[in-house]
Amino acid sequence: MTAGQRRVGWAAMLVAVVVLVLLGARTPPTSGTSDDRLYALAGQMKCLQCAGESVAGSQADIAVKMREEIRSQMREGRSDDEILSFFADRYGQRVLLNPSSEGVASLVWIVPVVAAGLGVVGLGLAFAAWRRQRGDAASEGATDEDQALVAAALRGSPDV
Amino acid sequence: MSVLLGNAAISLGLAACVVGIGALLSGLRSGKEKLLLWARPMSTLALVAALGAVGVMQVALLTNDTSVKYVAEEGSKTTPFPFDVATMWSALEGSILLWGVLLTAFTVAVAAKFKSRLTDPLVGWAMVVMLTVTGFFFVLMLAVAPVFRTFDAAPGFDGPGPNPLLQNHILVAFHPPMLYLGYVGFTVPFAFAIAALVTGRLGEGWLAETRRWTLFAWGFLTVGIVLGAWWSYEVSGWGGYWAWDPVENASFLPWLTGTAFIHSVMVQERRGMLRVWNLTLVVATFSLTILGTFLARSGVLQSVHAFSSGSIGPTLLGFFAVIVVGCVVLIGWRGDRLRSPGAIDSPLSREGAFLANNLLFAAFAFVILLGTVFPLIVEAINGDQMSVGAPFFDRMSVPIGLVMLFLMAVAPVLPWRSATTELLSKRLWWPAWASVAVLGFAVAVGARGVSSLLGFWLAGFASGSVARQLTLAARRQGWRGLVGRANGGMIVHLGVLVIAVALVASQSYTKQGEFTMSPGETVRVGGHEFTYVSSYVREKANRREIRSRIRIDGDDVFEPSMNQYLATGQMIPRPSVKVSLTTDLYLNLTRAASAEDPAIRIRIVVEPLIVWLWIGGSVMAVGTVLSAYPGRRHRNPLDPVSSPVAIGPDRDPDPESESVPA
């Protein structure tokens, strides 16, 4: 197989992947009264009477009642955002497991992205520095002294 | 009597540590080699003492000796075997005792492994560190979270027994010890890292000494985490196995940095680079095990797993601060010796991929740490109460996970030093086509959603690379193609990929519902029929089980139950799961039947591919063992560090020959 044929093959693969992913694309329900939507919403809320459980996972009274409330609001045709802010108004922001993107809370979203960006930049700079270093080393080449050291090491090693 | 004996044992252990540290330090100072040999008897004595304390505790638990406060508070006459044994790690004080005994066992194992080299200052300093950490845990057991305290029990007194959630499943006997073996095991590479810093011998020696120790610690931690997820799945009641709970995160953090370390350490061994980074990862891993214990045990964070608080929080936090500050100072002091001699030639190389891997794992660990402690930070700053939970962690993990999968596809076929795109195009050709086939299959069987499909596609790609590497290695080396670091590592990758697919499937395609059912009624969830037949009661020594018979698809009958624990009256549901290779059918009662009302309320969850999470975990464990087994005996030090030429009739036709995994 020539390099050219391979290139065509890779392009075909890319097209196949894009087409297949688009064929299978789907958005989760944001309306309707399905249980999928109910548990997706309940999973974004914290059970305030429990130690570290979501409303979706808990069987505490408050979680059961909140799930009923979510279901009745879903029946009324409210949107996800409306339902979530209803509970946030009633119980405070801490009921939302998904931190808001406003105020101090937004830092939890921003800081990782900034840190990851810095990491990538840092790695890029390191590679650039190594490349320069390698360029310098290559231009110098091995000195006679280096050659002598290698020869001595080879003589001294009984395994070879 | 038990209390006296127990405290005597712990004091003896502490004394052994102190004497050992004193002897070693003066030996290291004066150069008297005899003193350095004390490491072995003193660590053995500490182990004997810790075993004695565990023995006293176990006898007290098994005989329900309520003169010991711990037994009175956590034990009960009615707790059946083996839960009475496991009661030792069902609460704070006992779990510190478990940690301590495992730590002394590791210390003795290190002393035995290096018995002929105890006079080497590197080993001497490592033993000092091991004994210091051990001594710290003895102090915890004696003074900060005393495990042996007296209790004045009235006649006929019986304790409540462990938390019912900790009596509901047999995995309680295995998950904590495994996890602790992992946590404690990371003390060994940490001790050698400190020893290397102190002695200034910062070459690759200490890494080579501790490679298998690190690997086994990592393997135990992996198994511990997977068992924890399994246990959580079996008892949680909603089909979940990972809730991004602070304590779960605390176990995941050292796993992430440990995983980064076992990859980047190969760069240092091959190329002598990344010395500071590797030291940092070792220190981070160890200190995160301590920080995790602090988060789990101090009660600062709400968690299902948290134990009662006490003065142990500040002590652990102080220990954590000492470790971090001490290591930063040591690394700064040795800065001149840590400068790496080499350079990484190209991002498109094995070492370049390892760097990218490290960036990802470090970023992942950072995100999880940040999300876990963020509510505390915000509350400290402006008093606002907020939560960071599963939706945040899920959303952050998806991109990180996808890039990790991509790296797992490309990195294994990369040679050291540098690669060309032609070479990559050639080597990745078949893995890439395999991935397209996997993706096509996923779409054909009805998988939907962009990120899920990308997950399946990349997992297929990475599996293709694993298959390629293992096939080539097996062709060249026969059965040895499955052992050794690189090949065993590929098997670990395979386990990870199995887990990745199971995670994506179970996260994306779960169907569930909650129903009130009267006898004879049938409901449908996710294409399966569930018929409620009847309920009955079964009496056990420590609990009453109200069981409901549910017929699935008109065939098998499964019996979820509601267990009432007699000591506390608490009602804890015990789910019942019909397991199969494709789909788990998870049944959990949320309201049991009673004499007046035979109707039940039941939660039914239909989750695909769950069983592959546990299978993947086992594959990872097997891979870990295989990669600890030596591949080729020793690499000739004069072999070129990049690509030795394959030997034999089946040599790779690639123009640029491929490295034989060493």
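1. A closer look at the layout of surface pockets
Residue and element names in this part refer to chain B. Of the pockets and cavities examined, the second largest pocket occupies roughly 490 Å³. Val-445, Ala-447, Phe-456, Ala-505 and Leu-609 are, among the 20 residues lining the second largest pocket, the residues nearest its centre. When contributions to the lining of the second largest pocket are tallied by element, the ones reaching two or more residues are helix H17 (429-444), helix H18 (450-477) and helix H19 (485-508). Element by element, the count of residues in the lining of the second largest pocket is highest for H19, at 5 residues. Grouping the amino acids of the lining of the second largest pocket by side-chain chemistry returns 15 nonpolar, 5 polar and no charged.

2. Quick word on the packing of aromatic side chains
Under the counting rule described, the total for this entry stands at 31 aromatic pairs over all chains. By the ring-pair criterion, three or more aromatic residues cluster together here, those being Trp-109 of chain A together with Trp-218, Trp-242, Trp-244, Phe-252, Trp-255, Phe-364, Phe-392 and Phe-393 of chain B. Sitting over the face of the ring of Phe-114 of chain B, Lys-113 of chain B holds its NZ or CZ atom 5.6 Å from the ring centroid. Stacked on the ring of Trp-333 of chain B, the Lys or Arg Arg-334 of chain B has its end atom at 4.0 Å from the ring centre.

3. Some points on the confidence of the model for chain B
For chain B, mean pLDDT is 89; residues scoring 70 or higher make up 94% of the total. This complex was scored by the predictor with a pTM of 0.91 and an ipTM of 0.85.

4. Observations concerning the packing of H18 of chain B against H19 of chain B
All names here are of chain B. H19 packs onto H18 with a crossing angle of 160 degrees between their chain directions and a minimal axis gap of 9 Å. Taken together, the axes of H18 and H19 are roughly antiparallel relative to one another. In this structure, H18 crosses over H19, and the sense of that crossing is left-handed. Residues Ser-452, Phe-456, Ala-459, Ala-462, Ser-463, Val-466, Gln-469, Leu-470, Ala-473 and Gln-477 of H18 lie in contact with H19, whose contacting residues are Asn-487, Met-490, Ile-491, His-493, Leu-494, Leu-497, Val-501, Val-504, Ala-505 and Ser-508. Looking at the contact of H18 with H19 residue by residue, the classes come out as 13 nonpolar, 7 polar and no charged.

5. A closer look at the domain arrangement of chain A
The assigned domain composition of chain A is domain 1 (35-98) and domain 2 (106-156). A C-alpha centroid distance of 51 Å is found between domain 1 of chain A and domain 2 of chain A.

6. Some words on the domain arrangement of chain B
All names here are of chain B. Assigned domains of chain B: these are domain 1 (1-162), domain 2 (170-324 + 352-388) and domain 3 (511-608). Between domain 1 and domain 3, the C-alpha centre-to-centre distance is 43 Å. Interface of domain 1 and domain 3: buried area, both sides summed, is about 310 Å²; carbon and sulfur atoms make up 64% of it. Considering only the surface of domain 1 that becomes buried against domain 3, Thr-78, Pro-80 and Pro-160 emerge as the three largest contributors, covering 89% of it. Our count for the contact surface shared by domain 1 and domain 3 stands at 0 salt bridges. On inspection of domain 1 and its partner domain 3, the count reaches 0 residue pairs in polar contact (both at pLDDT 80 or more). Tallied by class, the residues present in the side of domain 1 that touches domain 3 amount to 2 nonpolar, 2 polar and no charged.

Analysis parameters
Residues numbered from 1 in each chain as written. Chains lettered and ligands numbered in written order. Predicted model: local features only at pLDDT ≥ 70, side-chain atom pairs only at ≥ 80, totals over all residues. Heavy atoms only, no water. 1 Å grid on protein atoms, 1.4 Å probe; cavity = no way out; pocket = protein on both sides within 12 Å on 5 of 7 lines; lining within 4 Å. Points joined across faces, edges and corners; volume = space filled by probe spheres on them. Helix = DSSP H or I, 4+ residues; strand = E, 2+ residues; numbered from the N terminus. Nonpolar A, V, L, I, M, F, W, Y, C, P; charged D, E, K, R; others polar. Phe/Tyr/Trp six-rings, centres within 6.5 Å; stacked < 30°, edge-to-face > 60°. Lys NZ or Arg CZ within 6 Å of the ring centre and 35° of its normal. pLDDT = per-residue confidence, 0-100. Axes fitted to C-alpha atoms, helices over the stretch in contact; angles between N-to-C directions. Parallel < 35°, antiparallel > 145°, perpendicular 65-115°, else oblique. Left-handed = near helix turned anticlockwise from the far one by under 90°. Contact = heavy atoms within 4.5 Å. Domains from an automatic or database assignment. Buried area = accessible area lost by both parts, 1.4 Å probe. Salt bridge = Lys/Arg side-chain N within 4 Å of Asp/Glu carboxyl O. Polar contact = N/O pair within 3.5 Å; in protein donor to acceptor, adjacent residues only side chain to side chain.

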